[in-house]
Amino acid sequence: MQDLTKGVARFQRDVFPAKAQLFAHLATHHTPHTLFISCSDARVVPELITGTEPGDLFVIRTAGNLVPAYTPEADGVAASIEYAVAALGVKDIVVCGHSACGAMTALAEGHDLGGAPAVAAWLRHADASQARTTTAGDVSALVRQNVLAQLANLATHPSVARALAQGKVALHGWVFDIATGRVEELSTAIPALAA
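To keep things clear, this report deals only with the structure shown in the data block. Predicted model only: the values in this text are computed from it and were never measured.

Opposite charge on two side chains permits pairing when their charged atoms draw close. Applying the stated criterion across every chain, the model contains four salt bridges. One salt bridge connects Asp14 with Arg13, and the closest N-O pair in it is separated by 3.1 Å. With a relative accessible area of 40%, Asp14 lands in the partly exposed category. You can call Arg13 exposed: its relative accessible area is 53%. Here Glu184 makes a salt bridge to Arg144, at a shortest N to O gap of 2.7 Å. In this pair, Glu184 sits in strand S5 (residues 183-185) while Arg144 sits in helix H8 (residues 139-154), placing the two residues 40 residues apart along the sequence. Judged by its relative accessible area of 22%, Glu184 is partly exposed. Judged by its relative accessible area of 25%, Arg144 is partly exposed.

Shown next, in the form of structure tokens:
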């Protein structure tokens, strides 16, 4: 906790004053251009990877960058997607998977998740990803298939489907390689979803 406290002090002393005008603007304006859905993994930092400023990205982070297909029941992921698209009017949505993903590794390698029932239940949202991965145990292939499956799930959300039909939003699939910093664009592989 001491490191976090020191970080806040450093932010208030060094970062905030240098960006005071930006934060003054952000205090009354919330207009992110992109909804960025990534894994909760601490090694994946959307703003760092994209070189964006505060206010540019509306970020949703879930284990395995999973996006459940739309259902009428309320949930935080669906509500955040709807808010970003319908209220904030984001122009782009990125689903970003990554190398060495713990969630995808657990699925690909058949790890016992008996001690983590909530995680096991959540990872069922990757069933289609697993079904599309032809080589068992191939974490990289599963990561890529998972990004594509989550893009398909996004399109089931009414706000996203409407925005896609009206040409107001574009979907993008990315895979971030932690070791190299490389970002691979996948959405060109799915023309029906690519803008």
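Having seen the model, we can carry on.
What follows deals with helix H1 (residues 2-18). An α-helical turn contains 3.6 residues, so any two residues separated by three or four positions project in the same direction. The terminal C-alpha atoms of H1, which comprises 17 residues, lie 24 Å apart, in line with the 24 Å expected from a rise of 1.5 Å per residue. Its axis deflected by about 40 degrees at Phe11, H1 carries its strongest bend there.

Evaluation of the coordinates by the stated rule reveals five aromatic pairs. Each ring, one from Phe36 and one from Trp174, has its centre 5.8 Å from the other, and the planes form 75 degrees; the classification is edge-to-face. Taken as a pair, Phe36 in strand S1 (residues 34-39) and Trp174 in strand S4 (residues 170-176) lie far apart in primary sequence, 138 residues in all. One exposure class covers both Phe36 and Trp174, and it is buried. Relative to Tyr83, the ring of Phe58 has its centre 6.0 Å away and its plane inclined at 45 degrees; by these criteria the two rings are tilted. In this pair, Phe58 sits in strand S2 (residues 57-62) while Tyr83 sits in helix H4 (residues 76-87), placing the two residues 25 residues apart along the sequence. Counting every residue linked through ring pairs, the aromatic cluster contains Phe11, Phe16 and Phe23.

Let us look at the pairing of S1. Two faces make up the sheet, and in a regular strand the side chains alternate between them. Judged by how many residues are buried, S1 sits mostly within the fold: six of six residues are covered. Sheet analysis places S1 next to S2, joined by six bridges and oriented parallel. When the bridges of S2 are listed, Ile37 appears paired with Ile60.

Definitions and cut-offs
Residues numbered from 1 in each chain as written. Predicted model: local features only at pLDDT ≥ 70, side-chain atom pairs only at ≥ 80, totals over all residues. Heavy atoms only, no water. Salt bridge = Lys/Arg side-chain N within 4 Å of Asp/Glu carboxyl O. Buried < 20%, exposed > 50% of the residue type's maximum accessible area, 1.4 Å probe, protein only. Helix = DSSP H or I, 4+ residues; strand = E, 2+ residues; numbered from the N terminus. Expected span 1.5 Å × (residues − 1). Bend = angle between axes of the 7 residues up to and from the residue. Phe/Tyr/Trp six-rings, centres within 6.5 Å; stacked < 30°, edge-to-face > 60°. Pairing = 2+ DSSP bridges.

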